[in-house]
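So you can see what is in the structure, the chains are spelled out below.
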Amino acid sequence: MKNIKLERTQSLLRELIPSVLANLNDTRLNSLGVVSVKCSKGKYFAQVFLDAPFATPQEKKEILTQLKKAKNLIKEYCLEESGWFRCPDFEFIIDESLEQENKLEAIFETIKKQREEKDKE
């Protein structure tokens, strides 16, 4: 059985973090989507997986650097909005799984088209 309190915390963070990112003065951070949040059992630490579909590898590094700088602002916002006594320490990670999935789908589509062309011959 999963820890309900932990799930609730993760769910609330998935809602709060996009709100605070949208209010920051960096347009690169405003458009980030939160894919998921995974908190440690004690809720002292949280990994935040973000989606940055149109960012280049260099931009992704810059985004992570800016998020590191804005970490305290994000924590303050989460504390204010949630009413918690303390907020987990965040680690921001750019989630590459969606991009990899899209690349695989494109490969499968190409293979499918090639097979259809061979069948027509």
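Note that the coordinates shown come from a computational prediction; the quantities given were computed from them, not determined experimentally.

(A) Molecular detail of helix α1 (residues 4-22). Its 19 residues place the ends of α1 28 Å apart at the C-alpha level, agreeing with the 27 Å of an ideal helix rising 1.5 Å per residue. Elements that come into contact with the buried residues of α1 comprise α2 (27-30), β1 (33-39), β2 (45-51), α3 (57-69), α4 (71-82) and β3 (89-94). The residue sitting at the N-terminus of α1 and contributing the capping side-chain oxygen is Asn3; that oxygen lies 3.1 Å from the backbone nitrogen of Lys5.

(B) Expanded view of the nonpolar core. Of all hydrophobic cores here, the largest spans 26 residues; its most connected members are Ile17, Leu50, Leu67, Ile74 and Phe90. With 6 residues, α1 is the single largest residue contributor to this core. Ignoring any residue separated from it by four or fewer positions in sequence, one finds Ile17 in contact with Val34, Val48, Ile74, Cys78 and Phe90.

(C) Here's a closer look at the environment of Pro88. Relative to the helices and strands, Pro88 is located in the loop between α4 and β3. Spatially, the C-alpha atoms of Pro88 and Ala106 are 38 Å apart, while their sequence positions differ by 18 residues.

(D) Quick look at the pairing of β1. The sheet contact formed by β1 and β2 spans 6 bridges and is antiparallel. Within β2, the position partnered with Lys38 by the bridge is Gln47. Turn length for the β1-β2 hairpin, with the two strands adjacent in sequence and antiparallel, is 5 residues, and the turn residue Lys43 shows positive phi of about 60°.

(E) A look at the pattern of salt bridges. As enumerated under the stated definition, the model contains 3 salt bridges in all. The partner of Arg28 in a salt bridge is Asp26, and the shortest N-O contact between them spans 3.0 Å. By relative accessible area, Arg28 is classed as partly exposed at 29%. Asp26 gets classed as buried once you look at its relative accessible area, which sits at 14%. Note that Arg28 is salt-bridged to Glu62, the shortest N-O span being 2.8 Å. With Arg28 in helix α2 and Glu62 in helix α3, the pair connects residues that are 34 residues apart, well separated along the chain.

(F) The arrangement of the sheet that holds β2 in detail. The mixed open sheet is built from 3 strands, whose spatial order is β1-β2-β3. Each having just a single partner strand, β1 and β3 make up the two edges of the open sheet. Across this sheet, the average inter-strand angle for adjacent strands is 25°, counted without regard to direction. Together, β1, β2 and β3 form the strand contacts of α1, whose direction differs from that of β1 by roughly 145°.

(G) Representation of the confidence of the model for the chain in the model. Mean pLDDT over the chain: 85, with 96% of residues reaching 70 or higher. Mean pLDDT across the elements of the chain bottoms out in helix α5 (residues 97-120) (78) and peaks in β3 (91).

(H) Fine view of the packing of aromatic side chains. All told, the structure shown has 1 aromatic pair when counted by the stated rule. Between Phe90 and Phe92, the ring centres sit 5.8 Å apart and the planes meet at 40°, which makes this aromatic pair tilted. Each member of the pair Phe90 and Phe92 is classed as buried.

Quick notes on the rules
Counting restarts for each chain, with residues numbered from 1 along the sequence as it is written. For this predicted model, a pLDDT threshold of at least 70 governs which residues receive local features, and a threshold of 80 or more governs which side-chain atom pairs are given and counted, while totals over whole chains, interfaces and linings are taken from all residues. Hydrogens and water are ignored here; the side-chain numbers use all heavy atoms of the structure. Counting from the N terminus, the helices are DSSP H or I runs at least four residues long and the strands are E runs at least two residues long. Take the residue count of a helix, subtract one, and multiply by 1.5 Å to get its expected span. Two residues form a contact once any of their heavy atoms are found within 4.5 Å. Whenever two N or O atoms come within 3.5 Å, that pair is a polar contact, provided that in protein one can donate a hydrogen and the other can accept it, and provided that, for residues adjacent in sequence, both atoms are side-chain atoms. As used in this record, nonpolar core signifies buried Ala, Val, Leu, Ile, Met, Phe, Trp, Tyr and Cys residues forming a set joined through side-chain atoms within 4.5 Å. The cut-offs for exposure are 20% and 50% of the maximum accessible area for each residue type, with area from a 1.4 Å probe on protein chains only; residues under the lower value are buried, those over the upper are exposed, and the others partly exposed. In short, DSSP must find at least two bridges between two strands for them to pair. Basic side-chain nitrogens of Lys or Arg form a salt bridge, by our definition, when they fall within 4 Å of a carboxyl oxygen of Asp or Glu. Interaxial angles span 0 to 180 degrees and are taken between N-to-C directions of axes, which are lines fitted to C-alpha atoms, for helices over the stretch in contact. Known as pLDDT, the predictor's per-residue confidence is scaled from 0 to 100. What counts as a ring pair is set by centres within 6.5 Å for rings of Phe, Tyr and Trp (its six-membered ring), and what kind of pair is set by the plane angle: stacked under 30 degrees, edge-to-face over 60, tilted for all other angles.

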